[in-house]
Amino acid sequence: MSEVLVLVDHLAGAVKKPTYELLTIARRLGEPSAVFIGAADAGPSVAAAVAAYGAAKVYVIDDTDIRDHLVAPKAEALQQLAADTDPAAILLPSSAENKEVAARLAIKLGSGLITDAVDVETDGTATQSVFAGGHTVTGKVTTGTPIITVKPNSAAPQESLAAGTVTPFAVTVSEAAKGARIDDSRPRAASGRPELTEAAVVVSGGRGTGGDFGPVEALADALGAAVGASRAAVDSGWMPHAYQVGQTGKTVAPQLYVAAGISGAIQHRAGMQTSKTIVAVNKDEEAPIFELVDFGVVGDLHAVLPGLTTEIDKRRA
């Protein structure tokens, strides 16, 4: 059975949920092999984590020559690994950085590329949401090694114990690829909440918050959710752009999406309409968001959300 390479999504060696989703998808296509680009001494712990989800091998690429650079060195590393292993497919978590890595890799390998897939079938056919989420299309790579980036929350991670054998892989990164460096000197505040694009639950606020995101954040914390915002809220300066959900922001597909005080313009819907369950709270019963929801509450979010948060806290006590 041919290998399917899965790029490990991690933070300081801690494996993130999209990796387990991709390993689950990879088992449909062949034998999953994880690719960890990071500190070599973190390889065994990463291997132990991904082996539980079917990774028979874990290629560890020490990032000494890669860290603090932009995407080009990662594309070169994957190119060299692909040349050595001849995989059936290469899967990457879909992010702005990984989509550029995938594009560079596709050019280097002379292969076809599909980005932002929401499903991949056993024959390699990928499903995508296109035109602001208004249409669903399918496609299949017919040239070279299929390279596919997959959106978070596209598959439920399923455990399948495998060997997880650690295999160091040495790469040679060209000086040209190391031409651009990352300035990561700015401090970043930790919210303690899950990352927006990976969260299983997202609570978003819009113009109806009036700038007061307290009820939205309190409900999110009670649910263990990420916090999102509409473009109107971001444009008003109430939340940073990193929180924006929509066509010009981030696309999410959680198990539960709560839209509080969001009218439901097409720009916002494009970023969240593939959520599994959608709940909306809005004072305007004619708001377009109600056309999309599974459950809707016509009411003031400043009254509804605190009551819901209190009830959740009571049940958890």
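Residues numbered from 1 in each chain as written. Predicted model: local features only at pLDDT ≥ 70, side-chain atom pairs only at ≥ 80, totals over all residues. Heavy atoms only, no water.

Colleague: In this structure, what is going on with the packing of aromatic side chains? I would like to understand it.
Modeller: Aromatic ring pairs: the centre-centre distance and the angle between the two ring planes describe each pair. Counted according to the given criterion, the structure contains 1 aromatic pair. Both rings, one in Y20 and one in Y53, keep their centres 4.2 Å apart while their planes meet at 20 degrees; by these two values the pair is stacked. On the criterion of sequence distance, the pair formed by Y20 in helix α1 (residues 17–29) and Y53 in the loop between α2 (43–51) and β5 (57–62) is long-range, its members being 33 residues apart. Side by side, Y20 and Y53 carry an identical accessibility label, which is buried. (Phe/Tyr/Trp six-rings, centres within 6.5 Å; stacked < 30°, edge-to-face > 60°. Helix = DSSP H or I, 4+ residues; strand = E, 2+ residues; numbered from the N terminus. Buried < 20%, exposed > 50% of the residue type's maximum accessible area, 1.4 Å probe, protein only.)

Colleague: Just to check I follow, could you spell out the sheet that holds strand β16 (residues 295–298) for this structure?
Modeller: Sheet strands line up and pair through hydrogen bonds in the backbone, either parallel or antiparallel. With respect to topology, 5 strands assemble into an open sheet ordered β13-β12-β14-β15-β16, the strand pairing being parallel. The sheet terminates laterally at β13 (226–229) and β16, the two strands that pair on one side only. Between one strand axis and the next, the sheet turns through 15 degrees on average, direction left out of account. Summarising the sheet, strand β12 (residues 201–205) and β13 pair through 4 bridges and their orientation is parallel. By the bridge assignment for β13, S204 is matched with G228. Along the sheet, helix α5 (residues 214–223) makes contact with β12, β13 and β14 (256–260), crossing β12 at roughly 175 degrees. Running over the sheet, helix α8 (residues 301–316) touches β14, β15 (277–282) and β16 and is turned about 130 degrees from β15. (Pairing = 2+ DSSP bridges. Axes fitted to C-alpha atoms, helices over the stretch in contact; angles between N-to-C directions. Contact = heavy atoms within 4.5 Å.)

Colleague: Honestly, the pattern of salt bridges in this entry has me stumped. Any pointers?
Modeller: A side chain with one charge may pair with a side chain of the opposite charge, provided their charged atoms come close. A full pass over the atoms with the stated rule returns 13 salt bridges. Measuring nitrogen to oxygen at the nearest pair gives 3.2 Å for the salt bridge that ties E198 to K16. Taken together, the residues E198 in the loop between β11 (165–168) and β12 and K16 in the loop between β3 (14–15) and α1 connect sequence positions 182 residues apart. What makes K16 buried here is its relative accessible area of 18%. Beyond isolated ion pairs, a larger network of salt bridges with shared partners links K16, E195 and E198. (Salt bridge = Lys/Arg side-chain N within 4 Å of Asp/Glu carboxyl O.)

Colleague: For this particular structure, what's the right way to read the environment of Y257?
Modeller: Assignment of secondary structure puts Y257 in strand β14. For the pair Y257 and V293, spaced 36 residues apart in sequence, the C-alpha to C-alpha distance is 9.4 Å. Discounting chain neighbours no more than four positions away, the residues touching Y257 are V202, S204, V245, V252, I262, H268, M272, S275, T277, I278 and V279.

Colleague: What exactly am I supposed to notice about the pairing of β15 here?
Modeller: On a regular strand, one side chain projects to one face of the sheet and the next to the other, so that they alternate. The buried fraction of β15 amounts to 5 of the 6 residues, a majority that puts the element mostly inside the structure. When β14 meets β15, the two strands line up parallel, connected through 5 bridges. Residue pairing across strands places A259 opposite A280, the latter belonging to β15. Two elements, β15 and β16, share 4 bridges in a ladder whose sense is parallel. Residue pairing in the sheet places V279 in a bridge with F295 of β16.

Colleague: I'm lost on the side chain of N98 in this one. Help?
Modeller: In this structure, N98 sits in helix α4 (residues 96–109). Of the residues examined, N98 reaches a relative accessible area of 9% and is grouped as buried. A polar contact is formed between the side chain of N98 and the backbone oxygen of P93, at a distance of 2.9 Å. Aside from chain neighbours lying at most four places away, what touches N98 is L7, L92, P93 and T149. (Polar contact = N/O pair within 3.5 Å; in protein donor to acceptor, adjacent residues only side chain to side chain.)

Colleague: Before we go on, may I ask you to explain the sheet that holds strand β4 (residues 31–38) in this structure?
Modeller: Strands sit in the order β9-β8-β7-β10-β6-β1-β4-β5-β11 across an open sheet of 9 strands; the sheet is mixed. Two strands bound the open sheet, and with one partner strand each, they are β9 (135–139) and β11. Here the average twist between neighbouring strands, direction ignored, is 35 degrees. Summarising the sheet, strand β8 (residues 126–130) and β9 pair through 5 bridges and their orientation is antiparallel. Counterpart to V130 in the pairing with β9 is H135. Against the sheet, α1 touches β1 (3–7), β4, β6 (89–93), β7 (113–120) and β10 (147–150), its axis set at about 160 degrees to β6. Taken strand by strand, α4 contacts β1, β6, β7 and β10, and its axis lies near 175 degrees from that of β10.

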